[in-house]
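A look at the structure
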Amino acid sequence: MLRANPHDDNDNPRGVYKLVIADTRSGPYNKKGSVPLGPGFTGWARPDLAEVTLPAGCAAGMGSTAPYIKVRLDVPSQDEENLARLEEKRPVDADIALRINATVMREVATRLAKRYDCAD
């Protein structure tokens, strides 16, 4: 999703977030500095990134030959390094962004597993 950049006279859009669903051969892992999504979910969240691995069976149900389907949420507007370079503050408090990202990932995993009948 893109949004007009209020700091750019050319109205070049800036990335707000990107949600990517992809098959992969690499198994679940935990990202440094992340928190788990909670019971029943294999994934993690940070204010700028989050990832969830769908339950076993989802890949085949989605037509993939890979063993895993991962969903990744990328929130560049919360990336500390990028914000520091631009000398900007976070648009949303880090704790709130973390909770929102974890909630989004749990909801995505739940809905996709239900849609493809592959819930654990």
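See above for the structure.
An account of the accompanying structure is given in this report. (Residues numbered from 1 in each chain as written. Predicted model: local features only at pLDDT ≥ 70, side-chain atom pairs only at ≥ 80, totals over all residues. Heavy atoms only, no water.)

1. Remarks on the environment of Glu80
- Positionally, Glu80 belongs in helix 2 (residues 80-86).
- Sequence separation between Glu80 and Asp48 is 32 residues; the distance between their C-alpha atoms is 8.0 Å. (Helix = DSSP H or I, 4+ residues; strand = E, 2+ residues; numbered from the N terminus.)

2. Some details on the sheet that holds strand 5 (residues 42-45)
- One open sheet accounts for five strands, arranged 3-7-6-5-4; its pairing is antiparallel. Of all the strands in the sheet, just strand 3 (18-24) and strand 4 (35-36) have a single pairing partner and so form its edges.
- Here four bridges tie strand 5 to strand 6 (residues 49-53), and the two strands are oriented antiparallel to one another. Paired with Gly43 across the strands is Val52, a residue of strand 6.
- Each of strand 3, strand 4, strand 5, strand 6 and strand 7 (68-74) is contacted by helix 3 (residues 94-115), which is oriented at about 150° to strand 7, the strand it contacts most. (Pairing = 2+ DSSP bridges. Contact = heavy atoms within 4.5 Å. Axes fitted to C-alpha atoms, helices over the stretch in contact; angles between N-to-C directions.)

3. Observations concerning a nonpolar patch on the surface
- On the surface, a cluster of nonpolar side chains totalling about 270 Å² of accessible area is made up of Val92, Ile96, Ile100 and Val104.
- Looking at the element boundaries, Ile96 is found in helix 3. (Patch = residues over 30% accessible without salt bridge, like charges linked within 9 Å, V, L, I, M, F, W, Y side chains within 5 Å. Areas by Shrake-Rupley, 256 points an atom, 1.4 Å probe, with all protein chains shown as cover. Salt bridge = Lys/Arg side-chain N within 4 Å of Asp/Glu carboxyl O.)

4. Describing the pattern of salt bridges
- If you walk through the whole model with that rule in mind, you get four salt bridges.
- A salt bridge links Arg46 to Asp48; its shortest N-O distance comes to 3.0 Å.
- Of the residues examined, Arg46 reaches a relative accessible area of 18% and is grouped as buried.
- Among the ionic pairs, Arg111 bridges to Glu107, the shortest N-O distance being 2.4 Å. Taken together, the residues Arg111 and Glu107, both in helix 3 and four residues apart, mark about one turn of the helix. (Buried < 20%, exposed > 50% of the residue type's maximum accessible area, 1.4 Å probe, protein only.)

5. Considering the state of the cysteines
- Tallying each qualifying case throughout the model produces one disulfide.
- Linked covalently through their sulfurs, Cys58 and Cys118 form a disulfide whose S-S length is 1.8 Å. Here the disulfide of Cys58 and Cys118 is right-handed, its torsion about the S-S bond being about 80°. With Cys58 in helix 1 (residues 58-61) and Cys118 in the segment after helix 3, the pair connects residues that are 60 residues apart, well separated along the chain.
- With relative accessibility at 1%, the residue Cys58 sits in the buried group.
- Judged by relative accessible area, which is 6%, Cys118 ranks as buried. (Disulfide = S-S within 2.5 Å.)

6. Topic: the packing of aromatic side chains
- Throughout the structure, instances matching the rule amount to one aromatic pair.
- A ring pair is formed by Tyr29 and Trp44, whose centres lie 6.1 Å apart and whose planes are at 50°; its orientation type is tilted. Linking Tyr29 in the loop between strand 3 and strand 4 with Trp44 in strand 5, this pair joins segments that are 15 residues apart in sequence.
- Overall, the relative accessible area of 37% leaves Tyr29 in the partly exposed class. (Phe/Tyr/Trp six-rings, centres within 6.5 Å; stacked < 30°, edge-to-face > 60°.)

7. Some points on helix 3
- Given a rise of 1.5 Å per residue, 22 residues ought to cover 32 Å, and the 31 Å separating the end C-alpha atoms of helix 3 matches this to within 8%.
- Buried within helix 3 are the following residues: Ala97, Leu98, Asn101, Ala102, Met105, Val108, Ala109, Leu112 and Ala113. Relative to the axis of helix 3, the buried residues are bounded by an arc of 135° and lie together on one face. In helix 3, those exposed residues whose orientation departs by more than 90 degrees from the buried face are Asp95, Arg99, Arg111, Lys114 and Arg115.
- Tucked into the core, helix 3 has its buried residues touching strand 3, strand 4, strand 5, strand 6, helix 1 and strand 7.
- N-cap assignment for helix 3: the residue whose side-chain oxygen lies 3.2 Å from the backbone N of Asp95 is Asp93. (Expected span 1.5 Å × (residues − 1). Arc of directions from axis to C-beta. Polar contact = N/O pair within 3.5 Å; in protein donor to acceptor, adjacent residues only side chain to side chain.)

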